[in-house]
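What follows is the residue order along each chain.
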Amino acid sequence: MKYCLAPYLVAVSVPFLMASCGNSGDVRLTDSLDDSAWEQSSWISAADAPVITGPIGAGERAADGASWFVAEVDLSGKVESGRWMTTGLGVYQLYVNGELVGEEVLKPGFTHFSKTKISYTYDITDILRKHNVLAAQVTPGWWADKIVSTGPDGMNGRKCAFRSVLEITYTDGRKELFGTDTLNWKAGIAGPVKHAAIYDGEEYDARELPGFLVPEKLSVPEVNTEFNGEIVPTGGAEIYHRHDLALAPVRAYVWKEVEGEREGEAGKVVIEREYKDGDVMRLSKGENLVIDFGQNSAAVPFFKFKAAEGVTLNCLPAEMLNDGNGAVSRGMDGPEGSIHRRNLRTQDVGIRLDYTFAGDGGYVSYIPMCTFFGYRFINLTADGDVSFRSIRSIPVSSISRELETGVISTGNDLVNRLISNTVWGQRSNYLSVPTDCPQR
């Protein structure tokens, strides 16, 4: 196993930057390797990964940056099968030869912090070549962020880590195992994800290249000894982006000014223009674009948009809008018609998206891969002009499309609404493990 990325630069740059959401259709979960295979690997971390110290309360965020782990594998014969068994301390995504591996998201899922980590094994036979680049991005979610940390001395997890074993079976019967180690792997803080955590949200700079394309930012990793629990194969409850349930805007409007302000009341937004789904929606500096998806759910926004290089878009999710002329006595935190975020755990520093455009001239797609929210509305602002060709809310759930095997409909609209509320409540709260309100 060797490390040398230069020959592969041109082949992988475009697919990653265009969407960050496409994956190889030839890769699926498969049976785990034998537990003994883990003996051929180590937990590894980026030596330069920052560590959060001090008391953890509502205002603290996870450490900045994404940890990248990269290695090369040269195969010595005709391959019968290749299985890659993987796990991580933190939310991780996998790449083979520049392709995102697997449809599952937010791996390895929510488990007891110190006792158990889940492993995912993928059959990558169809995307292997003679010379292969393996890569993983790991961010603090589930491990080194506030969802598992409230202590007086930093996050429970200190550094993100990655562990994996690739088993190659050749047609002549030979087998080789390639495990994570400090000799053949490189690691470092790199890539377009500048910050990400479950409560914090995601900050993404599209001008940055993924870690497997910037070898100068990677160096010798260090062995991570933080986790001493058990690694178990996934047995269900994997998490998916439910694109089949994508929610379109039911209302979209732009506001900038406020009217009717008085003591104890923030007033009401002045709507400058409204858009219908299918319109090209435009947002300028100083304006707020409010999107109502019509359904509260655990989800992430999906955008097809464009802007000049360096323009940054901010997206704030919310469950409801302010009303009653923004009356403080009603608990409102802004003018009527603006989003309400006072109910959120980290309303000022977290539960947000920040996207900086590369500005290549055309529309690009983006969906956050390292976090999720609970919301019905989003508020969009930007420091420059942004055009949106499409905006959707993509539910995030462990109830996959295949698990929904039937529907119930009655002749009573109120009963149907109750059934719908129940179904959406299950989708939103069955996310890796049964959860409660993800937005709070």
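Small disclaimer: the values here were computed from a predicted structure and weren't measured.

### Observations regarding the overall build of the protein
Moving on, step 1. A tally of regular secondary structure across the protein gives 2 helices and 29 strands.
Moving on, step 2. A globule of 440 residues ought to have a C-alpha radius of gyration of about 22 Å, and the protein, at 23 Å, matches this closely.
Moving on, step 3. Here the C-alpha coordinates of the protein stretch approximately 75 × 50 × 45 Å along the principal axes.
Moving on, step 4. If you take every contact in the protein between residues at least 6 apart in sequence, the share linking residues at least 24 apart comes to 81%.
Moving on, step 5. Looking at the protein as shown, the accessible area adds up to about 18,400 Å², and 49% of this sits on carbon and sulfur atoms.
Moving on, step 6. Looking at charge distribution, the protein has the averaged site of its 43 positive side-chain charges lying 2 Å from that of its 58 negative ones.

### Describing the nonpolar core
Moving on, step 1. Grouped together as the largest cluster of nonpolar side chains are 83 residues, with contacts concentrated most on L289, F303, F305, L380, F388 and I391.
Moving on, step 2. Not counting residues within four places of it along the chain, the set of residues in contact with F303 comprises C315, L353, V364, S365, Y366, I378, L380, F388, S390 and I391.
Moving on, step 3. One finds V27, A46, Y92 and L134 within the second-largest nonpolar core, a separate group that totals 30 residues.

### Points about unusual backbone geometry
Moving on, step 1. The residue after K107, namely P108, is reached through a cis peptide bond having omega 5 degrees.
Moving on, step 2. If you trace the backbone, P108 turns up in the loop between β6 (99-101) and β7 (116-123).
Moving on, step 3. Backbone geometry places A237, a non-glycine residue, at a positive phi of 65 degrees.
Moving on, step 4. Topologically, A237 is positioned in the loop between β15 (230-233) and β16 (240-241).
Moving on, step 5. For A237, a relative accessible area of 36% translates into the label partly exposed.
Moving on, step 6. Of note, the phi angle at S432 is positive, near 70 degrees, even though the residue is not glycine.
Moving on, step 7. Assessed through its relative accessible area of 14%, S432 is described here as buried.

### Describing the confidence of the model for the protein
Moving on, step 1. The predicted model of the protein has a mean per-residue pLDDT of 92, with 93% of residues at 70 or higher.
Moving on, step 2. In the predicted structure, residues 1-22 sits below a pLDDT of 50 and forms 56 contacts with residues beyond four places in sequence or in another chain.

### As for the side chain of E104
Moving on, step 1. Topologically, E104 is positioned in the loop between β6 and β7.
Moving on, step 2. Of the polar contacts made by the side chain of E104, one reaches the side chain of Y122; its length is 2.8 Å.
Moving on, step 3. Beyond its immediate sequence surroundings of up to four residues, E104 is in contact with L29, Y120, Y122, E238, I239 and Y240.

### Examining the sheet that holds strand β11 (residues 186-190)
Moving on, step 1. Spatial strand order, β6-β5-β8-β3-β11: 5 strands in an open sheet with antiparallel pairing. Of all the strands in the sheet, just β6 and β11 have a single pairing partner and so form its edges. Across the sheet, the mean angle from the axis of one strand to that of its neighbour is 30 degrees, orientation sign disregarded.
Moving on, step 2. When strand β3 (residues 66-74) meets strand β8 (residues 131-139), the two strands line up antiparallel, connected through 8 bridges. Bridge pairing in β8 places W68 opposite Q137.

### A look at the pattern of salt bridges
Moving on, step 1. Counted according to the given criterion, the structure contains 22 salt bridges.
Moving on, step 2. Between E208 and K217 there is a salt bridge whose closest N-O contact spans 3.3 Å.
Moving on, step 3. Between R242 and E404 there is a salt bridge; the shortest N-O distance is 3.0 Å. Of the two residues, R242 sits in the loop between β16 and β17 (251-259) while E404 sits in the loop between β27 (386-397) and α2 (413-429), which places them 162 residues apart along the sequence.
Moving on, step 4. Judged by its relative accessible area of 3%, R242 falls in the buried class.
Moving on, step 5. For E404, a relative accessible area of 28% puts it in the partly exposed group.

### Considerations on empty space enclosed by the protein
Moving on, step 1. Inspection of every chain in the model, using the stated rule, returns 3 cavities of 30 Å³ or more.
Moving on, step 2. When its volume is computed, the largest cavity comes out at roughly 120 Å³.
Moving on, step 3. The wall of the largest cavity is formed by 16 residues, among which P50, A63, P140, R158 and C160 lie closest to the centre.

### What to know about the layout of surface pockets
Moving on, step 1. Approximately 460 Å³ is the volume found for the largest pocket.
Moving on, step 2. Among the secondary structure elements, those contributing two or more residues to the lining of the largest pocket are β5 (91-96), β6 and β16.
Moving on, step 3. Broken down by class, the residue content of the lining of the largest pocket amounts to 10 nonpolar, 7 polar and 8 charged.
Moving on, step 4. The volume enclosed by the second largest pocket comes to roughly 310 Å³.
Moving on, step 5. Contributing to the lining of the second largest pocket are 13 residues, with E404, G406, V407, V423 and R427 lying nearest its centre.
Moving on, step 6. Residues of the lining of the second largest pocket, tallied by class, amount to 7 nonpolar, 4 polar and 2 charged.

### Quick word on the pairing of β8
Regular strands place side chains that alternate from one sheet face to the opposite one.
Moving on, step 1. Here β8 lies mainly inside the structure; 8 of its 9 residues are buried.
Moving on, step 2. In this structure, β5 lies alongside β8, joined through 6 bridges in antiparallel fashion. Among the inter-strand pairings, L94 is bridged to a residue of β8, identified as A136.

### Quick word on α2
Moving on, step 1. Between its first and last C-alpha, α2 extends 24 Å over 17 residues, near the 24 Å set by a 1.5 Å rise per residue.
Moving on, step 2. In this structure, the buried residues of α2 make contact with β20 (288-307), β27 and β28 (430-431).

### Quick look at the pairing of strand β9 (residues 161-170)
Moving on, step 1. When you tally the buried positions in β9, you get 10 out of 10 residues, the bulk of the element.
Moving on, step 2. Here β9 shows no split at all, with A161, R163, V165, E167 and T169 on one side and F162, S164, L166, I168 and Y170 on the other all buried.
Moving on, step 3. Two elements, β9 and strand β10 (residues 175-179), share 5 bridges in a ladder whose sense is antiparallel. Bridged to T169 within β10 is K175.
Moving on, step 4. Connecting the antiparallel pair β9 and β10 is a turn made up of 4 residues, with G173 showing a positive phi of about 95 degrees.

The rules behind the values
- Residues numbered from 1 in each chain as written.
- Predicted model: local features only at pLDDT ≥ 70, side-chain atom pairs only at ≥ 80, totals over all residues.
- Heavy atoms only, no water.
- Helix = DSSP H or I, 4+ residues; strand = E, 2+ residues; numbered from the N terminus.
- Rg over C-alpha atoms; globule rule 2.2 N^0.38 Å.
- Contact = heavy atoms within 4.5 Å.
- Areas by Shrake-Rupley, 256 points an atom, 1.4 Å probe, with all protein chains shown as cover.
- Lys, Arg positive; Asp, Glu negative; His and termini not counted.
- Charge placed at Lys NZ, Arg CZ, Asp CG, Glu CD.
- Core = buried A, V, L, I, M, F, W, Y, C linked by side-chain atoms within 4.5 Å.
- Buried < 20%, exposed > 50% of the residue type's maximum accessible area, 1.4 Å probe, protein only.
- pLDDT = per-residue confidence, 0-100.
- Polar contact = N/O pair within 3.5 Å; in protein donor to acceptor, adjacent residues only side chain to side chain.
- Pairing = 2+ DSSP bridges.
- Axes fitted to C-alpha atoms, helices over the stretch in contact; angles between N-to-C directions.
- Salt bridge = Lys/Arg side-chain N within 4 Å of Asp/Glu carboxyl O.
- 1 Å grid on protein atoms, 1.4 Å probe; cavity = no way out; pocket = protein on both sides within 12 Å on 5 of 7 lines; lining within 4 Å.
- Points joined across faces, edges and corners; volume = space filled by probe spheres on them.
- Nonpolar A, V, L, I, M, F, W, Y, C, P; charged D, E, K, R; others polar.
- Expected span 1.5 Å × (residues − 1).

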